[in-house]
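Residue strings, one per chain:
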Amino acid sequence: MRGNNWTNVLINIGLILFSLACIIPFWLVLMVSVSGQNALAKYGYSFWPKEFDLVAYKFLIHDAEPIIRSFGVSIAVTIIGTIASLAITSALAFSLSRQDFPYRGALSMFVLITMLFGGGLLPWYLVYTKLLHLQDTMMVLIIPGLIGGFNVFIMRTFFMTSIPPSLIDSAQIDGASEYRTYFNIILPLSLPVLATIGLFVIVNYWNDWFTSLVFIKTDTLYNLQYFLYNTLMNAQYLQAVADKAHIDVSTMQTQPLEELRMAMAIIAVVPVALVFPFLQKYFVKGLTIGAVKG
Amino acid sequence: MEAVRQSAARPVAASRKGNPLRKLWKFRALIILALPGLALLLINNYLPMFGVFLAFKDFNYAKGIIGSDWNGFDNFHFLFATSDMWHVIVHTIVYNLAFLLINTVLSVLLALLLNEVRHRFLSKFYQSTMLLPHFISMVVVAYLVYGFLNPELGFINKSILEPAGKEGISWYMSPQYWPYILTVVNIWKSVGFGSVIYLATIVGIDREYYEAAMLDGASKWKQMTKITLPFLIPVIIILTLLAIGRIFSADFGLFYQVTMNAGMLKSTTDVIDTYVYNALLVTGDTNLASAAGLLQAVVGFVLIVSVNMIVKRVSSDNSLF
């Protein structure tokens, strides 16, 4: 028995170490964001700052209008995109899940091919810019993330395995149209898979910087991730933002740019860290649904 | 009403009869529901596929896709005229193989450990912290890495190397360290996710095997190696095969954001995806970009289809399609 106890202790130590390794980088960035400016210049980034100072967060709350706006762009795109994506994906999945739908084979193939082959970056870019003229609009941040073959197939598998076909049959014998079947029977019974896919889509939109990198030039349309990207890659960018703010810089020798930068990374992580523990069980469930066939 | 009743009662038989137009009309509701999704796939995925012709053209923005002149395989000749493309391909494959090997070993190990934790709260706590990196954007990951590697203020230079009396390293100008850095970052970001997938398989194993083993006096170690691991092997094989199917495409975010796209690091960190991106949007060399892009898409397609055939042989339940 004693041997077992020791094994347990060792196992837990191993897991605690790995968990710590996962969190420690966030801790470092958090501590930099609350560091005092002088201590930071002298001692560099450390896990326990020599001086605490919340100036970066005060700055964020009061003055940093472009940062707040980028936050707003991210929130708007994520909310609109997620709702639209769930509606479109589930409607397609519902059609493909119906055994009596004669085109389901062909249309499933149509979806599957998009998962196997892509035209590449340049043609994709040209479709959105030269054909649809959507560069530099909020729409281009939303449209590419609306649908993905993988999500369609996960939903279809769920509809086929978790909703008995007899339920659909009897509803339709009672005179329910396809639309009513979809809204009043399928969707209410599919909350677990909607939560799973919803989590995928939310994270996808919230973390997206690539679409902005390719299509967005106007800085009022920067989302939070792209704003972060610009401040990391280009020191002058944050300087320019800070210069425009009304903060009373006369009391400081220099602006708190290092802290500010790290504070922004923290506010980008917080929403995900808050939402995800609640949706975690759906996420794990979604991973095990998996297969594309059916 | 009558039509609805019939279709519900004998769906398959009814759909076989009748002319195609009537069939279309009969299923118009399902078609309308499917339409928005199909239209989006058409725009986002199919229209760009026609652009593969660009790889055989001398592309000119003013003339457009159709108007640009054909130039046969010239783009591919240029692509392989220097050794760049070969380096980039080798980098992509070697990084992916290293990630695959290390991630699989560590994920399985962590899943085995997690499975031994009986305390529910602890188990959930470990899983949440390990999954967190998976949900963080690569931009934020680049910040986290920068926190350690910032040459002037970063933790490693300021708090480890300087106190030890060593000189700080200009990390973003020293390509020799980056294969290790990127591997560590990749492990950090994806091992937790991998272990949760393997854990889901372990949890599904019938408890009776373990009970029988315990009656026979099998130790924990014996149970792990003789029961749990054999059950995991098929999943390991399938996930490995699928990863090999994607071996020709790299994680663009990892190689672009975490390296901060630093030119000095290219000799060890340039992969196909960053090469295509830089050719397209930085140096503006669209011909090279589309040739490299097509090469990547075709090889990727062939790999994933052949891997799927193999998986089907191994265990048809787990094949992708």
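Residues numbered from 1 in each chain as written. Chains lettered and ligands numbered in written order. Predicted model: local features only at pLDDT ≥ 70, side-chain atom pairs only at ≥ 80, totals over all residues.

The condition is simple: UniProt positions are given in the numbering used here, feature names are shortened, and annotations may be inferred rather than shown by experiment.
An unreviewed UniProt entry lists chain B under the name Putative aldouronate transport system permease protein, with Paenibacillus taihuensis as the source organism. Heading Subcellular location (unreviewed entry) of the UniProt record for chain B holds this comment: "Cell membrane". Per UniProt, chain B carries the Sequence similarities (unreviewed entry) text "Belongs to the binding-protein-dependent transport system permease family."

Chain A appears in an unreviewed UniProt entry as Carbohydrate ABC transporter membrane protein 2 (CUT1 family) from Paenibacillus taihuensis. Checking UniProt for chain A, the heading Sequence similarities (unreviewed entry) contains the comment "Belongs to the binding-protein-dependent transport system permease family." Under the UniProt heading Subcellular location (unreviewed entry), the entry covering chain A gives this text: "Cell membrane".

### Quick word on the overall build of chain A
Convention followed: The numbering of helices and of strands both runs from the N terminus, where a helix is a DSSP run of H or I of at least 4 residues and a strand a run of E of at least 2. Burial in this document is a count-based property: other C-beta atoms within 10 Å of a residue's C-beta are tallied, and the residue is buried at 20 or more, exposed at 12 or fewer, or partly exposed in between, with C-beta positions derived from the backbone. Residues are scored as being in contact if the C-beta atoms we place from backbone atoms lie within 7 Å.
Across its full length, chain A holds 15 helices and zero strands. Each principal axis of the C-alpha atoms in chain A carries an extent, and together these give about 75 × 70 × 35 Å. Put simply, chain A has 294 residues, and 42% of those count as buried. Here the analysis covers contacts within chain A between residues at least 6 apart in sequence; of these, 72% occur between residues at least 24 apart.

### Overview of the overall build of chain B
Our working definition: Values of the radius of gyration come from C-alpha atoms, whereas the globule rule sets the reference at 2.2 Å times the count of residues to the power 0.38.
Within chain B, the regular secondary structure consists of 17 helices and two strands. What you see for chain B is a C-alpha radius of gyration of 26 Å, clearly larger than the 20 Å of a compact globule of 321 residues, by over 25%. Counting every position in chain B, which comprises 321 residues, the buried fraction comes to 35%. For chain B, restricting intrachain contacts to residue pairs at least 6 apart in sequence, the fraction spanning at least 24 positions comes to 65%.

### Considerations on the nonpolar core
Convention followed: Each nonpolar core comprises buried Ala, Val, Leu, Ile, Met, Phe, Trp, Tyr and Cys residues, the members being joined through C-beta atoms within 7 Å.
Ranked by internal contacts, the top residues of the largest apolar core, which has 142 residues, are Leu-228 and Ala-265 of chain A together with Val-140, Tyr-143 and Ala-292 of chain B. Those residues in contact with Leu-228 of chain A, other than ones at most four positions away along the chain, are Met-264, Ala-265 and Ala-268 of chain A together with Val-139, Val-140 and Tyr-143 of chain B.

### Describing the domain arrangement of chain B
Residues and elements named next belong to chain B. For clarity, the threshold we go by: Start and end points for every domain follow an automatic or database-based domain assignment. For this scheme, ten residues count as nonpolar: Ala, Val, Leu, Ile, Met, Phe, Trp, Tyr, Cys and Pro. Four count as charged, namely Asp, Glu, Lys and Arg, and the remainder, Gly too, count as polar.
Here chain B is described as being made up of domain 1 (20-72) and domain 2 (76-318). A C-alpha centroid distance of 33 Å is found between domain 1 and domain 2. Of the residues contributing to the side of domain 1 that touches domain 2, the split by class is four nonpolar, no polar and one charged.

### Here we look at the UniProt feature "transmembrane region" (unreviewed entry) in chain B
Cross-referencing UniProt, the feature "transmembrane region" (unreviewed entry) maps to residues 27-47, 93-113, 125-149, 180-206, 227-248 and 288-311 of chain B in the present numbering. In the segment residues 288-311 of chain B, helix accounts for 100% and strand for 0%; the C-alpha atoms at its two ends are 34 Å apart.

### What about the UniProt feature "domain: ABC transmembrane type-1" (unreviewed entry) in chain B?
UniProt records the feature "domain: ABC transmembrane type-1" (unreviewed entry) at residues 89-307 of chain B, using the numbering of this structure. Annotated as residues 89-307 of chain B, this span is 75% helix and 0% strand, and its ends, taken at the C-alpha atoms, are 19 Å apart.

### As for the UniProt feature "transmembrane region" (unreviewed entry) in chain A
Under the feature "transmembrane region" (unreviewed entry), the UniProt entry names residues 9-30, 67-94, 106-126, 138-161, 182-206 and 260-279 of chain A. Taken end to end, residues 260-279 of chain A is 100% helix and 0% strand, and its first and last C-alpha atoms sit 30 Å apart.

### Points about unusual backbone geometry
All names here are of chain B. Backbone geometry at Met-260 places phi at a positive 55°, although glycine is not the residue there. Checked against the element boundaries, Met-260 lands in the loop between helix H14 (252-258) and helix H15 (266-269). Non-glycine residue Asn-261 carries a positive phi angle of around 50°. Residue placement: Asn-261 occurs in the loop between H14 and H15.

### So, the packing of helix H11 (residues 178-203) of chain B against helix H13 (residues 220-245) of chain B
Residues and elements named next belong to chain B. Applicable threshold: A fitted line through C-alpha atoms serves as each axis, taken over the contacting stretch for helices, and the angle formed by two N-to-C directions is quoted from 0 to 180°. Any angle that falls under 35 degrees is termed roughly parallel, while one over 145 is termed roughly antiparallel, one within 65 to 115 roughly perpendicular, and all others oblique. Each crossing gets its handedness from the near helix: less than a right angle anticlockwise from the far helix is left-handed, clockwise is right-handed.
Close contact between H11 and H13 brings their axes to 10 Å; oriented N to C, the two are set at 125°. Overall, the two elements H11 and H13 adopt an arrangement that is oblique. Note on packing geometry: the crossing formed by H11 with H13 is right-handed. Taken together, the residues of H13 that come into contact with H11 (itself represented by Tyr-198, Thr-201 and Ile-202) are Thr-228, Phe-231, Leu-232 and Val-235.

### Regarding the environment of Asn-103 of chain B
Residue and element names in this part refer to chain B. Along the chain, the position of Asn-103 falls in helix H7 (residues 84-116). Linking Asn-103 and Tyr-277, residues 174 residues apart in sequence, is a C-alpha distance of 27 Å. Once residues lying within four places of it in the same chain are set aside, the contact partners of Asn-103 are Ile-187, Ser-190, Val-191 and Gly-194.

### Observations regarding the packing of H7 of chain B against H11 of chain B
All names here are of chain B. Following both chains from N to C, one finds H7 and H11 inclined at 45°, their axes separated by 7 Å at the closest point. Here H7 lies oblique to H11, going by the angle between them. Along this stretch, H7 crosses H11, giving a crossing that reads as right-handed. For the pair formed by H7 and H11, the contact residues are Tyr-95, Ala-98, Phe-99, Ile-102, Asn-103, Leu-106, Ser-107, Val-108, Leu-110, Ala-111, Leu-114 and Asn-115 on the first element and Leu-182, Thr-183, Asn-186, Ile-187, Ser-190, Val-191, Gly-194, Ser-195, Tyr-198, Leu-199 and Ile-202 on the second. Of the residues contributing to the contact of H7 with H11, the split by class is 15 nonpolar, eight polar and no charged.

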